[in-house]
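Summary of structural features
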Amino acid sequence: LQRLLESLKGQPNITKDGKSIRIYCNIGSPEDVHAVQVNDGGGIGLFRSEFLYLNCDDYPTEDQQFEAYKQVLSDMEDKEVIIRTCDIGADKQIGYFNLPKEDNPAMGMRALRISLTRPDFFRTQLRALFRASAFGKLGIMFPMVTSVWEVREAKKLCEEVKRELKAEGIPYSEDVQIGIMIETPAAAIMSDRLAKEVDFFSCGTNDLTQYTLACDRQNNDLGRFYDPHHPAVLRLLQMVVENAHKNGIWVGICGELGADLTLTETFLAIGIDELSVSPRAVLPLRNAVRMTDTRESSARILDALNNEYQAT
Ligand code: PEP
Ligand code: MG
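Residues numbered from 1 in each chain as written. Chains lettered and ligands numbered in written order. Predicted model: local features only at pLDDT ≥ 70, side-chain atom pairs only at ≥ 80, totals over all residues.

Looking at the packing of helix α4 (residues 62-75) against helix α6 (residues 119-132)
As a packed pair, α4 and α6 sit with axes 8 Å apart at the nearest point and diverge in direction by 35°. Once α4 is placed against α6, the crossing between them reads as right-handed. Every residue of α6 that contacts α4 at Glu62, Gln65, Phe66, Tyr69, Lys70 and Leu73 is listed here: Thr124, Gln125, Arg127, Ala128, Leu129, Arg131 and Ala132. For the contact of α4 with α6, the residue count by class is six nonpolar, three polar and four charged. (Axes fitted to C-alpha atoms, helices over the stretch in contact; angles between N-to-C directions. Helix = DSSP H or I, 4+ residues; strand = E, 2+ residues; numbered from the N terminus. Left-handed = near helix turned anticlockwise from the far one by under 90°. Contact = placed C-beta atoms within 7 Å. Nonpolar A, V, L, I, M, F, W, Y, C, P; charged D, E, K, R; others polar.)

See below:
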């Protein structure tokens, strides 16, 4: 098997009937880029920026953030790198954030909610991101979106930051793609409207499963009740793809489910454009894509999804 996977390096992610899909990687720090390159990842679909905030005892400065983003963008050369803005919350306690204790941290002050509540903090991260955009092909992605207004407010801050940089004579790219994570049922349900605001969607199936099924993703006792194969989750994904494509934007999956080979055919059938997975999952996934013939499977899968999809 190892030999087969080795032989797939440099090969396209294309089905027997010629459908292609992009396979990108999830990373958590600049050191992970090496694994992306070794495994022939097509880009980075999710760079979790939390490491910058977790490994220190005060807010990382704009320059510290800039250096980390710049390193990843330059190492990835002309390949796309999607960096997610800070996704901490009351579950990840960081002393210097002084987050109040909450009874339900998963439904509390986290991710984009913190960024919009503390615009100066957000602005620092956005300035670092736009400065780094001059060194590669950057996408910026906002986590835990539920409403159109949140996205508009975040985009407005991006515009302000760009104006500032321009006035200061600091270079940045005008081609930064702006996207959002679809990881709440609200975002999935509103995806027709949200698609008009952004350049791409990336579905966070870890949280989407948690919030759709009302199942704490950290509670292992829930066992089979936390089931990302639940038809409710898959139907939401299908709806999100339809709404994205109707509006001419692409849609990926960056939650764990993207690497689930029992669903690769389903993702191809519903039209997912990109799967972002851990670097070691790239070649097994490429193999699964290349073994698939969607002429044989699409109708059956879409039918199953809309009738009585059997969770495995
Ligand atoms: C997700 O929720 O699926 C996701 C990719 O984000 P995280 O696991 O970092 O919450
Ligand atoms: Mg998430």
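Description of the sheet that holds strand β5 (residues 177-182)
On the basis of which strands lie adjacent, the closed barrel formed by eight strands has the order β1-β2-β3-β4-β5-β6-β7-β8 and parallel pairing. For this sheet, the mean angle separating the axes of adjacent strands, direction not counted, is 25°. (Pairing = 2+ DSSP bridges.)

A few points about the site of ligand 1
In the vicinity of ligand 1, the residues found are Leu46, Arg48, Asp87, Glu183, Gly204, Thr205, Asn206, Asp207, Cys254 and Gly255. Put simply, the parts of the chain that give the shell around ligand 1 at least two residues each are β2 (44-48) and α10 (205-213). Considering every element that reaches the shell around ligand 1, the biggest residue donor is α10, with three residues. In the shell around ligand 1, the residues fall into two nonpolar, four polar and four charged. (Near = placed C-beta within 6 Å.)

Notes on the pairing of strand β7 (residues 250-253)
With four bridges joining them, strand β6 (residues 200-203) and β7 adopt parallel strand pairing. Counterpart to Ser202 in the pairing with β7 is Gly252. With two bridges connecting them, β7 and strand β8 (residues 274-277) associate as parallel partners. The partner of Ile253 across the bridge, within β8, is Leu275. At this point the chain moves from β7, through helix α12 (residues 264-270), to the parallel β8, and the crossover so formed is right-handed. (Right-handed = clockwise from strand over helix to strand, strands pointing away.)

Description of the environment of Val161
For Val161, the location among the structural elements is in helix α7 (residues 148-167). Residue classification places Val161 among the buried positions, given that 21 C-beta atoms sit within 10 Å. Apart from the residues lying within four places of it in its own chain, the contact partners of Val161 are Arg123, Leu126, Arg127 and Phe130. (Buried ≥ 20, exposed ≤ 12 C-beta atoms within 10 Å, placed from the backbone.)

Remarks on α6
Since the α-helix turns once every 3.6 residues, residues separated by three or four places project in the same direction. With 14 residues, α6 extends 20 Å between its outermost C-alpha atoms, agreeing within 8% with the 20 Å of an ideal straight helix rising 1.5 Å per residue. Most of α6 is tucked away, with 10 of its 14 residues classed as buried. Among all positions in α6, only Phe122, Thr124, Gln125, Leu126, Arg127, Ala128, Leu129, Phe130, Arg131 and Ala132 are buried. In this structure, the buried side of α6 is in contact with α4, β3 (80-84), α5 (112-117), β4 (137-142) and α7. (Expected span 1.5 Å × (residues − 1).)

Points about unusual backbone geometry
Positive phi values are uncommon outside glycine, yet Ala111 reaches one of about 50°. Secondary-structure assignment places Ala111 in the loop between β3 and α5.

Thoughts on the nonpolar core
By size, the foremost hydrophobic cluster in this structure holds 83 residues, and its most contacted members are Ile44, Ile180 and Val240. Top element by residues in this core is helix α11 (residues 231-246). It accounts for seven residues. Aside from chain neighbours lying at most four places away, what touches Ile180 is Met141, Phe142, Val145, Val151, Ala187, Leu194, Val198 and Phe201. (Core = buried A, V, L, I, M, F, W, Y, C linked by C-beta atoms within 7 Å.)

Here we look at the confidence of the model for the protein
Predicted coordinates in regions of low pLDDT should not be interpreted in detail. Per-residue pLDDT for the protein averages 95, and the proportion of residues at 70 or more is 98%. The ipTM assigned to the predicted complex is 0.99, against a pTM of 0.96. (pLDDT = per-residue confidence, 0-100.)

Quick look at the pairing of β4
Most of β4 sits inside the fold, with five of its six residues counted as buried. Here five bridges tie β3 to β4, and the two strands are oriented parallel to one another. Bridge pairing in β4 links Ile83 to Ile140. Pairing of β4 with β5, which is carried by four bridges, proceeds in the parallel orientation. Pairing of Phe142 across the sheet is with Ile180, part of β5.

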